[in-house]
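Fold and contact review
Take a look at the letters that make up each chain.
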Amino acid sequence: MNAYRRSSGRVDHTAKVVMAGDCAVGKSCLLYRFVHDEYILPPYIGTVAVDLKVKVVDVDGTRIRLQVWDTAGQERFRSLTRSYFRGALALILVYDITKAETLHIVREYISSVVSDVDENLILLLLGNKSDVSSRERIVSYKEGLNLASKHGIQFLEVSAKTGSNVMEAFNALAKAIKIKLEEGCDDQKVLAQAVQQSVLQKQKKSCCF
């Protein structure tokens, strides 16, 4: 297991977050974008078993240390991946919008979560590679949204390459975790509000430049 830590100073809460999905959907690239705000140029070495990166996020003056476990997507590692769900406060499920089979893998993970994991786990579904052309896209935005809506999960399309919605996704997750830990509110409703606020803030900033 590789580990990267980027944190210093006071920390108010520590939260375990797990990323899961098929291999080569861009989990490691998304996490690298979040931690470093840079894109890993291919080719790169895929995750073997599990990787860990840590970053402290400030949420309204509260410092949340996110311990993000980047799990391998290969089939031989999936039973190991599910073992990392336990003890996590949040799970990020990732698929590739250019590969329909990766959305099927996400459905399998959702079934595992529903049957084996704490029902209070915060869930976020991300469709990666939103930067591709319409000709390259295979999974429509509506398909991802429908899957998320069916299971009460929040959903965003993101791009590790351009950074679109990546920070918004992780910041919304951190905000939901803060409220969960401090107020014990309904996790998915809190995340829904946090996602909406993050996207709206991004839109407001964009309109000003």
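Above this note sits the structure.
Presented here is an overview of the structure given in this document. Just so we're clear, the structure is a prediction, and the values are computed from it rather than from any experiment.

1. With respect to the overall build of the protein
Along the protein, the regular secondary structure elements total six helices and seven strands. Moving toward the C terminus, one meets the helices and strands of the protein in the order β-β-α-β-β-α-β-α-β-α-β-α-α. The buried share of the protein, taken over its 209 residues, is 51%. Contacts in the protein between residues at least 24 apart in sequence constitute 76% of all its contacts with a sequence separation of at least 6. A total of about 10400 Å² of accessible surface is found on the protein, and carbon and sulfur atoms cover 49% of it.

2. Concerning unusual backbone geometry
Excluding glycine, residues mostly carry a negative phi; peptide bonds, for their part, are mostly trans. A positive phi angle is found at A24, which is not glycine, with a value near 65 degrees. Of note, A24 is situated in the loop between β2 (13-21) and α1 (27-36).

3. Structural notes on helix α5 (residues 166-183)
The terminal C-alpha atoms of α5, which comprises 18 residues, lie 26 Å apart, in line with the 26 Å expected from a rise of 1.5 Å per residue. Of all the positions in α5, only V166, E168, A169, F170, A172, L173, A174, A176, I177, K178, I179 and K180 are classed as buried. Positive backbone phi, at 65 degrees, marks G184, one or two positions downstream of α5.

4. Overview of the pairing of strand β7 (residues 154-157)
Taking every second residue as pointing to the same face, both faces of β7 are buried, with Q154 and L156 on one and F155 and E157 on the other. As paired elements, strand β6 (residues 122-128) and β7 share four bridges and run parallel to each other. Considered in β7, the bridge of L125 is made with F155. Once the chain exits β6 it traverses helix α4 (residues 141-150) before rejoining the sheet at β7, and the crossover so formed is right-handed.

5. Details of the packing of α1 against α5
Relative orientation of the contacting elements α1 and α5 amounts to 80 degrees, with a least axis distance of 9 Å. On the basis of the axis angle, α1 is roughly perpendicular to α5. Mapping the contact onto sequence places L30, L31, R33 and F34 in α1 and V166, M167 and F170 in α5. Across the contact of α1 with α5, the residue classes break down as six nonpolar, no polar and one charged.

6. So, α1
For α1, the buried fraction is high: eight of the 10 residues fall into the buried class. Of the positions making up α1, those classed as buried are K27, S28, C29, L30, L31, R33, F34 and V35. After α1 finishes, the residue D37 shows a positive phi value of roughly 55 degrees.

7. Observations regarding the pattern of salt bridges
Within this structure, the stated rule accounts for six salt bridges. Salt-bridge contacts for D12 lead to R10; the nearest nitrogen and oxygen are separated by 2.3 Å. One salt bridge in this structure joins E157 and R137, with 2.8 Å as the shortest N-O distance. Remark: R137 occurs in the loop between β6 and α4 and E157 occurs in strand β7; sequence separation between them is 20 residues.

8. Let's talk about the environment of M19
Positionally, M19 belongs in strand β2. For M19, a relative accessible area of 0% translates into the label buried. Residues M19 and F85 lie 66 residues apart in sequence; the distance between their C-alpha atoms is 9.2 Å. When sequence neighbours within four positions are dropped, the list of residues in contact with M19 reads K27, L30, L31, V68, W69, D70, T71, I92, V94 and F170.

9. Describing the nonpolar core
Counting residues in each nonpolar core, the largest one holds 32 residues, and the members touching the most others are L66, L126 and I177. Those elements that place two or more of their residues in this core are β2, α1, β3 (50-59), β4 (62-71), β5 (90-96), β6 and α5. Here this core takes seven residues from α5, the largest share from any one element. Those residues in contact with L66 that sit more than four places away from it in its chain are A15, V17, F34, K53, V54, K55, V57, F170, A174 and I177. Core analysis: the second largest hydrophobic core is formed by 28 residues, F85, V106, L123 and L125 among them.

Reading guide: rules and limits
- Residues numbered from 1 in each chain as written.
- Predicted model: local features only at pLDDT ≥ 70, side-chain atom pairs only at ≥ 80, totals over all residues.
- Heavy atoms only, no water.
- Helix = DSSP H or I, 4+ residues; strand = E, 2+ residues; numbered from the N terminus.
- Buried < 20%, exposed > 50% of the residue type's maximum accessible area, 1.4 Å probe, protein only.
- Contact = heavy atoms within 4.5 Å.
- Areas by Shrake-Rupley, 256 points an atom, 1.4 Å probe, with all protein chains shown as cover.
- Expected span 1.5 Å × (residues − 1).
- Pairing = 2+ DSSP bridges.
- Right-handed = clockwise from strand over helix to strand, strands pointing away.
- Axes fitted to C-alpha atoms, helices over the stretch in contact; angles between N-to-C directions.
- Parallel < 35°, antiparallel > 145°, perpendicular 65-115°, else oblique.
- Nonpolar A, V, L, I, M, F, W, Y, C, P; charged D, E, K, R; others polar.
- Salt bridge = Lys/Arg side-chain N within 4 Å of Asp/Glu carboxyl O.
- Core = buried A, V, L, I, M, F, W, Y, C linked by side-chain atoms within 4.5 Å.

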